[in-house]
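Structure assessment
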Amino acid sequence: MKAQLIKQFEKMGISKKVIDAFKKVSREEFVLPEWKEAAYEDSALPIIAGQTISQPSTVVLMLDALEAKGKVLEIGAGSGYNAALLSKLADKVYSIERIKELADFAKKNLKKAGIRNVTVIHSDGKKGYAKEAPYDRIIVTAAAEKIPDILLKQLKDGGVLLMPVGPEYGQQLIRVRRKGKDYLYEKLGGYVFVPLR
Ligand code: SAH
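First things first, this report covers the structure right here in the doc. Just so we're clear, the structure is a prediction, and the values are computed from it rather than from any experiment.

**Concerning the layout of surface pockets**
Its volume calculated, the largest pocket comes out at about 520 Å³. Looking at the largest pocket, it is lined by 34 residues, and the ones nearest its centre are Thr52, Gly76, Thr141, Ala142 and Val194. For the lining of the largest pocket, the secondary structure elements donating two or more residues are β2 (52–53), α3 (56–66), β3 (71–75), α4 (81–89) and β4 (92–97). Grouping the amino acids of the lining of the largest pocket by side-chain chemistry returns 16 nonpolar, 13 polar and five charged.

**Examining the pattern of salt bridges**
Applying the stated criterion across every chain yields a total of eleven salt bridges. A salt bridge links Glu67 to Arg177, with the nearest nitrogen and oxygen atoms 3.2 Å apart. Of this pair, Glu67 sits in the loop between α3 and β3 while Arg177 sits in strand β8 (residues 171–179), and the two are 110 residues apart along the sequence. Put simply, Arg175 and Glu186 hold a salt bridge, and the shortest N to O gap is 3.0 Å. Of this pair, Arg175 sits in strand β8 while Glu186 sits in strand β9 (residues 182–191), and the two are eleven residues apart along the sequence. A residue is classified by how much of its surface remains accessible, and Arg175, at 11% relative accessible area, is buried. Note on Glu186: relative accessible area 31%, which makes it partly exposed. Each of Glu67, Arg175, Arg177 and Glu186 takes part in one network of salt bridges that share partners.

**Regarding the site of the ligand**
Close contacts around the ligand come from 27 residues, with Ser79, Glu97, Asp124, Gly125 and Arg197 the closest. Interatomic distance of 2.6 Å between a side-chain N/O atom of Glu97 and an oxygen atom of the ligand. Expressed as a share of its isolated accessible area of 590 Å², the protein-covered part of the ligand is 99%. In this structure, the ligand is accommodated by the largest pocket. Mapped by element, the contributors of at least two residues to the shell around the ligand are β2, β3, α4 and β4. When grouped by side-chain class, the residues that make up the shell around the ligand number eleven nonpolar, ten polar and six charged.

**Regarding empty space enclosed by the protein**
Under the criterion given, the structure shown has one cavity of 30 Å³ or more. There is about 30 Å³ of room inside the largest cavity. As for the largest cavity, its lining consists of Ser54, Thr58, Val59, Met62, Asn82, Ile139, Thr141 and Phe193. Take the lining of the largest cavity: its biggest share by element is three residues, from α3. In terms of residue class, the lining of the largest cavity is made up of four nonpolar, four polar and no charged.

**Details of α3**
Because an α-helix packs 3.6 residues into every turn, residues spaced three or four apart end up facing the same way. With nine of its eleven residues buried, α3 lies for the most part within the structure. Of all the positions in α3, only Pro56, Ser57, Thr58, Val59, Val60, Met62, Leu63, Ala65 and Leu66 are classed as buried.

**Here we look at the pairing of β9**
Sheet topology places β8 next to β9; eight bridges connect them, and they run antiparallel. Each bridged residue has a counterpart across the sheet, and for Lys179 the counterpart in β9 is Asp182.

What counts and what doesn't
Residues numbered from 1 in each chain as written. Predicted model: local features only at pLDDT ≥ 70, side-chain atom pairs only at ≥ 80, totals over all residues. Heavy atoms only, no water. 1 Å grid on protein atoms, 1.4 Å probe; cavity = no way out; pocket = protein on both sides within 12 Å on 5 of 7 lines; lining within 4 Å. Points joined across faces, edges and corners; volume = space filled by probe spheres on them. Helix = DSSP H or I, 4+ residues; strand = E, 2+ residues; numbered from the N terminus. Nonpolar A, V, L, I, M, F, W, Y, C, P; charged D, E, K, R; others polar. Salt bridge = Lys/Arg side-chain N within 4 Å of Asp/Glu carboxyl O. Buried < 20%, exposed > 50% of the residue type's maximum accessible area, 1.4 Å probe, protein only. Near = heavy atom within 4 Å. Polar contact = N/O pair within 3.5 Å; in protein donor to acceptor, adjacent residues only side chain to side chain. Areas by Shrake-Rupley, 256 points an atom, 1.4 Å probe, with all protein chains shown as cover. Sits in = over half its atoms within 2 Å of the grid points. Pairing = 2+ DSSP bridges.

Remember that the coordinates give geometry; whether it matters functionally is a separate question.
The following block contains the structure:
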């Protein structure tokens, strides 16, 4: 099952780096026990508090588009799965989660998986995380109508931010590259994410 997904990612043109990260992390450790059998189907799965662990193909596409490296800020820890993959591609990951039970769930899953370079913070990600700013990369795994200005300010010069932007029923994945005072925007295609609250 995992092998099938990997084949699919290769066909999609996902980079070897990201596929290697995917190979290193067990998705079944980040889903609820009743969903373990479905861990390697290419679908989003319910976690707790009405939230979802994102679809594997979406996760790897985003990681490829992010060009993860250095110090990374993630908004929306959820299960901690995306943070676990990021931990294999970057030096240090800070992941913010608004729902306390999910922050605890992510921490527990990451610990079980033996991952040490991720810090999960229970807070509102719309404010970013000033304490460790600026970041080489920022990835938002929940959608909103607009990219919060604070997040753009917390991006390093030369940094990349990725976020799904648009209404609840469907968003465009937006990639922003900071070049000094300028921010260059690109649209990377349509997705549906849970909302940033
Ligand atoms: N990256 C996750 C899936 C993300 S689901 C994984 O790999 O499993 C989106 C998450 O964003 C949810 O857990 C939701 O609670 C969280 N979220 C929504 N609004 C938020 C906010 N303002 N600050 C931090 N987290 C938020």
